[in-house]
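These are the residues of each chain, in order.
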Amino acid sequence: FFLNSRCAAQGSQPVARTAPGMASKGAAVATIRLVIPAGKATPQPPVGSALGQRGLNIMSFCKEFNDKTSEYAALVPVPVVITAYKDRSFTFIIKTPPVSYFLKKAAGITAGSSNPGTEIAGEVSLHAVYEIAKVKQTDQGLAHISLESLTKSVMGTARSMGLRVRPPAAPSALPPPTSDGAP
């Protein structure tokens, strides 16, 4: 229910785009961070205004972004980091959707609790939390962080949204092992 495996495995792949006739990029002049619905980048704000201020080719970015995110489910919020260079060229890195998006999908809710310490907005299984952490680990900046630490971080985000993390089934609920050692 998250992303298809190809998108999750793709993770944060940098996409280079150089303006026509420009051989070298030069020094980076800006880093632009946006969250855009998958396949829905348009030259209108916020994309147009953010890129237009730096003189970047807005239509080129929109076309490339929409092509790269065409395999994502419709309207999935996709964070993107755009690096603008002196020569008006750019590169961008597509990241995985925010943890809060995954948690809302897993819990089947549209919004978190307005009072997270006292109200429970829903619940999510520990297995779903683990799967979210595995998807987030594919991001370029998170690859070096252990899966255990990422899982704890996702659990913290769930708590701050007013979601209860449901522990796995108790071992007594599992069927007894067979005599040959196979489950």
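Okay, so let's go over this structure.

What counts as what
Residues numbered from 1 in each chain as written. Predicted model: local features only at pLDDT ≥ 70, side-chain atom pairs only at ≥ 80, totals over all residues. Heavy atoms only, no water. Salt bridge = Lys/Arg side-chain N within 4 Å of Asp/Glu carboxyl O. Helix = DSSP H or I, 4+ residues; strand = E, 2+ residues; numbered from the N terminus. Buried < 20%, exposed > 50% of the residue type's maximum accessible area, 1.4 Å probe, protein only. Polar contact = N/O pair within 3.5 Å; in protein donor to acceptor, adjacent residues only side chain to side chain.

Right, let's get into the pattern of salt bridges. Evaluation of the coordinates by the stated rule reveals six salt bridges. Put simply, D67 and K63 hold a salt bridge, and the shortest N to O gap is 3.8 Å. With a gap of four residues between them, D67 and K63 both fall in helix α3 (residues 58-68), about one helical turn apart. Between E131 and K134 there is a salt bridge, with the nearest N and O atoms lying 3.7 Å from each other. Of this pair, E131 and K134 both sit in helix α5 (residues 126-136), separated by three residues, roughly a single helical turn. Taking the relative accessible area as the measure of exposure, K134 reaches 36% and is therefore partly exposed. Ionic contacts of the salt-bridge type, sharing partners, join the residues E123, R164 and R166 into one network.

Of note, the amide linkage connecting P45 to P46 takes the cis form, showing an omega dihedral of 5 degrees. Along the chain, the position of P46 falls in the loop between β2 (28-37) and α2 (47-52). Phi angles above zero are rare outside glycine, and L75 is one such case at about 65 degrees. Assignment of secondary structure puts L75 in the loop between α3 and β3 (77-85). In the Ramachandran plot, R88 falls in the positive-phi region, its phi being about 70 degrees despite a non-glycine side chain. Relative to the elements of secondary structure, R88 occurs in the loop between β3 and β4 (90-94). Residue R88 is classed as exposed on the basis of its relative accessible area, which comes to 54%.

Every buried residue of α3 is accounted for by S60, F61, C62, E64 and F65. Where α3 begins, one side-chain oxygen reaches toward the backbone nitrogen of M59, 3.3 Å away; that side chain belongs to N57.

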